[in-house]
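Topology and contacts: notes
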Amino acid sequence: GIAAHKALSGLALDTLRGLTGAKLVDVISQGLDALAQQDILTPEERAAADARAIARFFESDLGLRLLAAPRVEREWSFTLKTEGNLLLQGVIDCCFLEQGRWVLLDYKTDKITAAPQEAALRHEPQLRLCARALQQLTGLPVGEGHVFLLSAGVSVRLF
């Protein structure tokens, strides 16, 4: 999971725009190699980073929307003050602006043993907290929340 998150946050998005198929996988592999050379990925993480799974994300409707977005934030740390003055700290995997609203995205690398919708639903409370934090942080509304199941290559919209 760590390797996938580092890869998805570190790849240069401008190099991926307009690519599909084997060319996209090749460019992602080169990007992963570069992240390893920069010591962003350890050799073990580089070996574990699946260029084909990452390519499936960027070829999906959600991935294409992300690549077209005017603003993309990845691995964005936040602190959220909740009821009862509790402070929650977390990291937003990815979000991007689309028509003045945030699209929130959480990557999951776990193996899927249930239907994708069922697998994604258990992450909804976490995604809703991230949405609250993102809106509080930026003052802009969150229009959508998605979980992308990397092992299955499937996006599930939760809100």
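Look above for the structure.
So, a few notes on the structure that sits alongside this text.

Rules used throughout
Residues numbered from 1 in each chain as written. Predicted model: local features only at pLDDT ≥ 70, side-chain atom pairs only at ≥ 80, totals over all residues. Heavy atoms only, no water. Helix = DSSP H or I, 4+ residues; strand = E, 2+ residues; numbered from the N terminus. Buried < 20%, exposed > 50% of the residue type's maximum accessible area, 1.4 Å probe, protein only. Contact = heavy atoms within 4.5 Å. Lys, Arg positive; Asp, Glu negative; His and termini not counted. Charge placed at Lys NZ, Arg CZ, Asp CG, Glu CD. Pairing = 2+ DSSP bridges. Axes fitted to C-alpha atoms, helices over the stretch in contact; angles between N-to-C directions. Core = buried A, V, L, I, M, F, W, Y, C linked by side-chain atoms within 4.5 Å. Parallel < 35°, antiparallel > 145°, perpendicular 65-115°, else oblique. Phe/Tyr/Trp six-rings, centres within 6.5 Å; stacked < 30°, edge-to-face > 60°.

1. A closer look at the overall build of the protein
Secondary structure assignment for the protein yields 7 helices and 5 strands. When the helices and strands of the protein are placed in sequence order, the string is α-α-α-α-α-β-β-β-α-α-β-β. Overall, the C-alpha framework of the protein stretches about 50 × 35 × 30 Å when taken along its three principal axes. Taken across its 159 residues, the protein has 43% of its residues classed as buried. Sequence separation of 24 or more characterises 62% of the internal contacts of the protein that already satisfy a separation of 6 or more. Across the protein, the 17 positively charged side chains and the 19 negatively charged ones have centroids separated by 4 Å.

2. Concerning the sheet that holds strand E4 (residues 142-149)
The strand order across the open sheet built from 5 strands is E1-E2-E3-E4-E5, with neighbouring strands paired in mixed fashion. At either end of the open sheet lies a strand with only one pairing partner, and these are strand E1 (72-81) and strand E5 (154-157). Sheet twist, expressed as the mean angle between neighbouring strand axes with direction ignored, is 40 degrees. For strand E2 (residues 87-98) and strand E3 (residues 101-108), the ladder comprises 5 bridges, and the chain directions are antiparallel. Bridge pairing in E3 links Leu97 to Trp102. Sheet strands touched by helix H7 (residues 124-138): E1, E2, E3 and E4. Its angle to E1, the strand with the most contacts, is close to 90 degrees.

3. Section: the nonpolar core
Counting residues in hydrophobic clusters, the biggest one holds 31 residues, and the most contacted among them are Ile28, Leu32, Phe57, Phe58, Leu66 and Tyr107. For this core, the secondary-structure elements that each account for two or more residues are helix H1 (2-10), helix H2 (21-37), helix H4 (51-59), helix H5 (61-68), E2 and E3. In terms of residue count, the dominant contributor to this core is H2 (7 residues). The contacts of Leu32, once residues within four sequence positions are left out, are Ala7, Leu11, Leu41, Arg46, Ala49, Ala51 and Ile54. Within the second largest apolar cluster, 20 residues are counted, among which are Leu80, Leu97, Ala120 and Phe159.

4. Concerning the pairing of E5
Pairing of E4 with E5, which is carried by 4 bridges, proceeds in the antiparallel orientation. Bridging from a neighbouring strand, His146 pairs with Arg157 of E5. Linking E4 back to E5 in an antiparallel pair, the connection comprises 4 residues, with Gly153 at a positive phi of about 70 degrees.

5. Focus: the packing of H4 against H5
Packing of H4 against H5 leaves a shortest axis separation of 4 Å and a crossing angle of 75 degrees. With respect to each other, H4 and H5 are oriented roughly perpendicular. Along the contact surface, H4 presents Phe57, Phe58 and Glu59, while H5 presents Asp61, Leu62, Gly63, Leu64, Leu66 and Leu67.

6. Regarding the packing of aromatic side chains
Under the defined criterion, the tally for this structure stands at 4 aromatic pairs. Note on Phe57 and Phe58: the rings are 4.9 Å apart at their centroids and 70 degrees apart in plane angle, and the pair reads as edge-to-face. With a relative accessible area of 0%, Phe57 lands in the buried category. For Phe58, a relative accessible area of 1% corresponds to the buried category. Feature note: the residues Phe57, Phe58, Tyr107 and Phe148 constitute an aromatic cluster, connected by ring pairs.

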